[in-house]
Amino acid sequence: MIVLVGLSHRTSPLPVRESLAFAKERLAEALQRMRQEAAVSEAMILSTCNRVELYARSDETTGSGTRLEEFLCAFHGRPLPEIAPYLYRLTGADAVRHAFRVAASLESMVIGEPQILGQVKEAYQTAQDAGTLGSALNALRNRTETGIGENAVSVSYVAVELARKIFGELRDKNVLLVGAGKMSLLAARHLVRSGARATVLGGRTFEKAEELAAALGGRAAPLESLRSELAAADIVISGTGAPGIVIRREDVEHARAARGGRYQRPLFLIDIAVPRDIDPTARRLEGIFLYDLDDLRSVAEANLRERQREAAAAEALVDREVREFLEWQKSLDVVPILIELRERADEIRRREIERARKHLGTLTPEQEAALDAATSAIVNKLLHPPTVHLKEIARNGFAPEQVALIRKLLGL
Amino acid sequence: MPSHVYLLFTLAFYAVGALHVLLQALTRRKLLTSWTVTATLIGFALHTASLAQRWTEAGHFPAVGLHDVSSFLGWAIVLVFLMTYTRTRVEALGLVVYPVAFALVLVSNMTPAAESDDPILKSFFLPIHATLAFLGYAALFVAFAMGLLYLVQERELKSRSPRRLYYILPSLERCDSIGGRSVEVGFGFLTLAIVTGMLWSYRARGVYWTGDAKEWTAIIAWVLYVVLVLARHRTGWGGRRAALLGIVGFAAVVLTFVWVTVASGVASAAR
């Protein structure tokens, strides 16, 4: 069974969440301690600015829940009575549902915000690296990471999405970075991850441009080559701290013309500088798609509206995932195997007694009882080791093919 | 079953497809479900049966008169759409194709079949010429649709406050490349249709070219497509202008079409 203890923006104020958040560097240690101190077989910690949640696998949920709460407080040195009112505790199907809802961003402060899925993925990865992820949480992970979190509100994410709506495939597209700010780096990293090639134009501090280019696996060029680089670019991210226009309308027109016959190829310009780097009138040119920060924000808001409309569909998806997960879990349950095994053994015992009775003649009630006790003892002694071991192994979870093998071995 | 009964069932299945696509567009992002595709395939099978049946009923290939022409064109458009969809998985195309296929079959259902025992219609040129021409029209229709989607998506992108369609429609480059491919295919079919039409005319009347209005419009449309295909290949011309030209070219084809079917009531070289 999956047990979840946590707190979120819905149940607690920021200072409380802050005091219980797990620092990245201490997560591995925390996971080990959590598994040990709460006596659970699997452990995962999701810690973001909006929520702190401990996911665990345990056979006895009530005790584990309490121990998880105690661990959370002990780890951060906070008294439990003070924290308890902010905590929620979910088990089984409710915990599974919650996990899916969190990953689908249905529990987020801003419904549909995209960062949460990445944070969830990272949390699972950390747990895997720490070796505290077993079959149950792993199954939850696999089902969480597929298909959820398509829309976006963060500015860099929006830029990538827009690029996809213009170019479709981003592989081998040329991204030109003018200026080497943190925002440009973020936006470009998303693009590079999708297969685009980066070129960084540096101004006075050329080393910075080279550094950034190295981080992105691209190359650096001096700002003087702006026009020629512009002609080769598909996507331009401009974020210099310059006080005036850096890319003039003539530069854009020139770049278009320099593309020769292929000048109808769209050019996607992203201006993330304040004050703006790119002449806003360039957006009127054919085949030029220019977005400044306000435009990106407006697209982000549209994405958000779209996402809320999709929330209902996402809820339905979550429902289906929960059902499938629970069915899967049930199929791995060891209890039905044990019951079946015992019933079958008992049936054989009775049948054999009936057969033997023909040769034994009439028995006294004492003899009857002794026969029954003796045969039962044989069955019990034979079944004892497999029962104990099956239960033990089951604690770590089975793969479906293991269950099949066990059934086969036991003749079920 | 007579052909018009098949056609009525066809209409029902296409209606399901059209309604479903539009409903999906309003509520979700996945436009074509396996449901829609199944309904379309059943509709298409019935449609094929209807055409085969009509061929025996009419005694000649069913490409004469508004009833036959709209049904056959609808069939060709659905066929080309299914092929495009299998290759590219572009679902948004359904937004244009389904209503049009439905409308064409509806028109066919509402118009009486034109009967004619003109011996020229028995020529084996009719099925070849008509099939080539209709597949060409259908491919050009797909190019037209992709051009339309391109312009809409471009407008959404330029608006900087995208609405629903932005999320549904494919990327500009995709619209452009599929549109370009459709133009090439359609252009090939149209060329072959014109050649077979001329041969047919020569066999029937002894001249390749009668110089009437429909032949002129067909040639004008053909020239437009030559320009478009050459422009794309020679200069890599694409994007907005190609989309516009694809739309204009198709408008010219539609003009020819309306002229031929409504004004004269008889297909290409039938007179």
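Before reading on, note that the structure itself is shown above.
Let me sum up the structure you'll find in this document.

Calculation notes
Starting from 1, residues in each chain are numbered consecutively following that chain's sequence as written. Chains and ligands are labelled by the order in which they are written, letters from A for the one and numbers from 1 for the other. Note on the predicted model: pLDDT of at least 70 is required for a residue's local features to be given, and 80 or more for side-chain atom pairs to be given and counted; whole-chain, interface and lining totals, by contrast, use all residues. Per the convention used, a helix needs a DSSP run of H or I reaching at least four residues, while a strand needs a run of E reaching at least two, with both numbered from the N terminus. Residues with at least 20 other C-beta atoms within 10 Å of their own are called buried, those with 12 or fewer are called exposed, and the rest are partly exposed. The C-beta atoms themselves are positioned from the backbone. Note that contacts rest on C-beta atoms placed from the backbone: two residues are in contact if these are within 7 Å. By arc we mean the arc of the directions from the helix axis to the C-beta atoms, nothing more. Strand pairing requires that DSSP identify at least two bridges connecting the strands. Each axis is a line fitted through C-alpha atoms, taken for helices only over the stretch in contact, and angles between the N-to-C directions span 0 to 180 degrees.

The next thing to look at is the overall build of chain B. Scanning chain B from terminus to terminus reveals nine helices and zero strands. Beginning at the N terminus, the succession of helices and strands in chain B can be written as α-α-α-α-α-α-α-α-α. By residue count, 51% of the 271 residues in chain B fall in the buried class. When contacts within chain B are restricted to residue pairs at least 6 apart in sequence, those whose partners lie at least 24 apart make up 79%.

This paragraph deals with the overall build of chain A. The helix and strand tally for chain A stands at 16 helices and 10 strands. Counting all 412 residues of chain A, 38% fall into the buried class. Summarising the internal contacts of chain A: among those between residues at least 6 apart in sequence, 70% fall at separations of at least 24.

Turning our attention to helix H10 (residues 206–216) of chain A. Since there are 3.6 residues in each turn of an α-helix, residues three or four apart along the chain are aligned in direction. Residue and element names in this part refer to chain A. When we look at burial in H10, the residues that qualify are Ala209, Leu212, Ala213 and Leu216. Down the axis of H10, the buried set is contained in an arc of 100°. They therefore lie on one face. Turned more than 90 degrees away from the buried face of H10 sit Glu207 and Ala214, all of them exposed. Positive backbone phi, at 70°, marks Gly217, one or two positions downstream of H10.

It is worth spelling out the sheet that holds strand E2 (residues 42–47) of chain A at this point. Residues and elements named next belong to chain A. Here four strands make up an open sheet; going across it, the order is E2-E3-E1-E4 and the pairing antiparallel. Each edge of the open sheet carries a strand with a single partner, namely E2 and strand E4 (88–91). Here the strands of the sheet are splayed against their neighbours by 15° on average, with no regard to which way each runs.

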